[in-house]
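Single-letter residue listing:
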Amino acid sequence: MKAAVSLLLALLLPACHTEAQCTIDNVVDLKVQAAITSIVSATLAKAKLLCQDVSARGALVSCPAGYKPTGCACGMGCGSWDIRTDSTCHCQCAGIDWTAARCCKIGV
Amino acid sequence: MKAAVSLLLALLLPACHTEAQCTIDNVVDLKVQAAITSIVSATLAKAKLLCQDVSARGALVSCPAGYKPTGCACGMGCGSWDIRTDSTCHCQCAGIDWTAARCCKIGV
Amino acid sequence: MKAAVSLLLALLLPACHTEAQCTIDNVVDLKVQAAITSIVSATLAKAKLLCQDVSARGALVSCPAGYKPTGCACGMGCGSWDIRTDSTCHCQCAGIDWTAARCCKIGV
């Protein structure tokens with residue numbers, strides 16, 4: 001208990017009271033920050049783009065929940081499209097036969 | 001989390017001097033790493049692709065600062081395009097009337 | 001030294017034994033969690049989409065290792081394409097002269 005209280009005080013006290021303590025505090029701060037940053041970077045390095053294609057007959061196709069369209073493809077060679085409500089590919093050429101969406105998200 | 005506090009202590013002790021202490025240090029290390037990894041994963045799980053569409057008259061349109069084009073769409077049904085300086089969609093068909101860019105970034 | 005070891009032991013103990021100690025533990029937990037979360041957020045804020053274009057003659061082009069295609073462009077104004085094995089752009093129009101892929105990954 002006494003130990004926990006002094007630890008709390010050490011953490012809560014805004015300033016250090018001797019030069020030696022300041023030096024130790026700074027070294028510890030840097031070491032802890034480096035340790036955390038290293039784990040964060042290693043975890044973040046595993047983050048990948050996860051993508052899939054979806055297609056449907058007609059001029060509209062939506063990405064699965066959690067995925068965002070990053071590009072669209074259209075039947076009949078058509079390259080004119082837009083994205084509706086941030087989730088649906090819409091091909092604009094008249095009488096379009098199929099529409100496809102490239103859908104991506106961040107995966108860990 | 002308690003383990004994270006113990007990391008401070010573990011870092012202050014340069015080496016372990018008894019077998020029991022070494023065992024404790026290892027347990028603390030593992031607990032600290034697990035605690036940090038858990039926070040990192042929870043934060044990373046909130047990372048999303050943020051996307052928006054921009055379009056303009058003519059054959060060129062640029063993404064807003066911080067966003068990257070992931071695909072382009074063109075008027076006149078044209079599907080031939082390229083990306084200039086990693087930021088601008090350029091539609092290649094002659095006399096193109098409009099160009100659109102799908103622009104994404106990583107949001108936290 | 002003895003104090004540090006017993007503190008480690010105290011920290012490893014799963015439960016707090018007095019109300020005051022519980023309160024202290026919670027305060028420390030929150031402060032440490034805030035510190036870690038801050039480092040995580042700062043690191044994550046540096047995560048960017050890294051993209052590049054690749055193109056090749058013919059109807060197929062693949063992204064470099066680690067990159068995912070987010071959209072494809074085709075010669076002859078063609079906007080009909082699909083993505084094969086999550087890595088290769090394929091333009092569908094007959095006799096296509098060139099194919100390009102927009103390829104992205106998450107960079108830290």
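See above for the structure.
If you're wondering where the values come from, they're calculated on a predicted model, not measured in any experiment. (Residues numbered from 1 in each chain as written. Chains lettered and ligands numbered in written order. Predicted model: local features only at pLDDT ≥ 70, side-chain atom pairs only at ≥ 80, totals over all residues. Heavy atoms only, no water.)

Caption draft 1: Structural view of the overall build of chain A. Within chain A, the secondary structure is distributed over two helices and six strands. The 108 residues of chain A split such that 41% are buried. Residue pairs at least 24 apart in sequence account for 59% of intrachain contacts in chain A once pairs closer than 6 positions are excluded. With the model as given, the accessible surface of chain A reaches about 5,600 Å², and the carbon-plus-sulfur share is 60%. (Helix = DSSP H or I, 4+ residues; strand = E, 2+ residues; numbered from the N terminus. Buried < 20%, exposed > 50% of the residue type's maximum accessible area, 1.4 Å probe, protein only. Contact = heavy atoms within 4.5 Å. Areas by Shrake-Rupley, 256 points an atom, 1.4 Å probe, with all protein chains shown as cover.)

Caption draft 2: Representation of the sheet that holds strand β3 (residues 68-74) of chain C within the structure. All names here are of chain C. The three strands lie next to each other as β1-β6-β3, forming an open sheet whose pairing is antiparallel. Only two strands of the sheet have a single neighbouring strand rather than two, namely β1 (48-57) and β3. Adjacent strand axes in the sheet meet at a mean angle of 20 degrees when their direction is disregarded. (Pairing = 2+ DSSP bridges. Axes fitted to C-alpha atoms, helices over the stretch in contact; angles between N-to-C directions.)

Caption draft 3: The arrangement of the state of the cysteines in detail. All names here are of chain A. As enumerated under the stated definition, the model contains 15 disulfides over all chains in all. Linked covalently through their sulfurs, C72 and C89 form a disulfide whose S-S length is 2.0 Å. Note on the C72 and C89 pair: the S-S dihedral is about -80 degrees, so by sign convention the disulfide is left-handed. Remark: C89 occurs in strand β5 (residues 88-91) and C72 occurs in strand β3 (residues 68-74); sequence separation between them is 17 residues. For C89, a relative accessible area of 0% puts it in the buried group. (Disulfide = S-S within 2.5 Å.)

Caption draft 4: Highlighting the nonpolar core. Counting residues in hydrophobic clusters, the biggest one holds 18 residues, and the most contacted among them are L49 of chain A, L49 of chain B together with L49 of chain C. Of all elements in the fold, only β1 (48-57) and β6 (98-107) of chain A, β1 (48-57) and β6 (98-107) of chain B together with β1 and β6 (98-107) of chain C reach the threshold of two or more residues within this core. In this structure L49 of chain C touches L49 of chain A, L49, K68, T70, C104, K105 and I106 of chain B together with C104 and K105 of chain C, once residues within four positions along its chain are discounted. (Core = buried A, V, L, I, M, F, W, Y, C linked by side-chain atoms within 4.5 Å.)

Caption draft 5: Broad picture of the interface of chain A and chain B. Facing the 29 residues of chain A at the interface are 31 residues of chain B. Where chain A abuts chain B, roughly 2,300 Å² becomes buried across the two surfaces, and 73% of that area is made up of carbon and sulfur atoms. At the boundary of chain A and chain B, one finds one salt bridge. A salt bridge links D86 of chain A to R102 of chain B; the shortest N-O distance between them is 2.8 Å. Scanning the region where chain A abuts chain B turns up eight residue pairs in polar contact (both at pLDDT 80 or more). Elements supplying a minimum of two residues to the side of chain A that touches chain B: α1 (2-12), α2 (19-44), β3, β4 (81-84) and β6 of chain A. In terms of residue class, the side of chain A that touches chain B is made up of 19 nonpolar, six polar and four charged. (Buried area = accessible area lost by both parts, 1.4 Å probe. Salt bridge = Lys/Arg side-chain N within 4 Å of Asp/Glu carboxyl O. Polar contact = N/O pair within 3.5 Å; in protein donor to acceptor, adjacent residues only side chain to side chain. Nonpolar A, V, L, I, M, F, W, Y, C, P; charged D, E, K, R; others polar.)

Caption draft 6: Summary view of the pattern of salt bridges. Residues and elements named next belong to chain C. The full count for this structure, using the stated rule, is 12 salt bridges over all chains. Among the ionic pairs, R102 bridges to D53, the shortest N-O distance being 3.1 Å. One end of the pair, R102, is in strand β6; the other, D53, is in strand β1, with 49 residues separating them in the sequence. When its relative accessible area of 35% is taken as the criterion, D53 is described as partly exposed.

Caption draft 7: Expanded view of the relation of the copies chain A and chain B. Mapping chain A onto chain B calls for a screw motion: a turn of 120 degrees about the axis and a shift of 0.0 Å along it, with 0.1 Å RMSD after fitting. Classification of the inter-copy transformation places it as that of a three-fold axis. The position closest to the rotation axis in chain A is occupied by the C-alpha of G79 of chain A, lying 2.3 Å away. (Least-squares fit on C-alpha atoms with pLDDT ≥ 70 in both.)

Caption draft 8: Representation of the pairing of β3 of chain C within the structure. All names here are of chain C. Taken across its seven residues, β3 has seven buried, putting it largely inside the fold. Pairing of β3 with β6, which is carried by six bridges, proceeds in the antiparallel orientation. Directly across from K68, in β6, lies its bridge partner C104.

Caption draft 9: Representation of the side chain of T88 of chain B in the model. All names here are of chain B. Here T88 is to be found in strand β5 (residues 88-91). Look at T88 and you get buried, because its relative accessible area is 12%. Only 3.4 Å separates the side chain of T88 from the side chain of S87, close enough to count as a polar contact.

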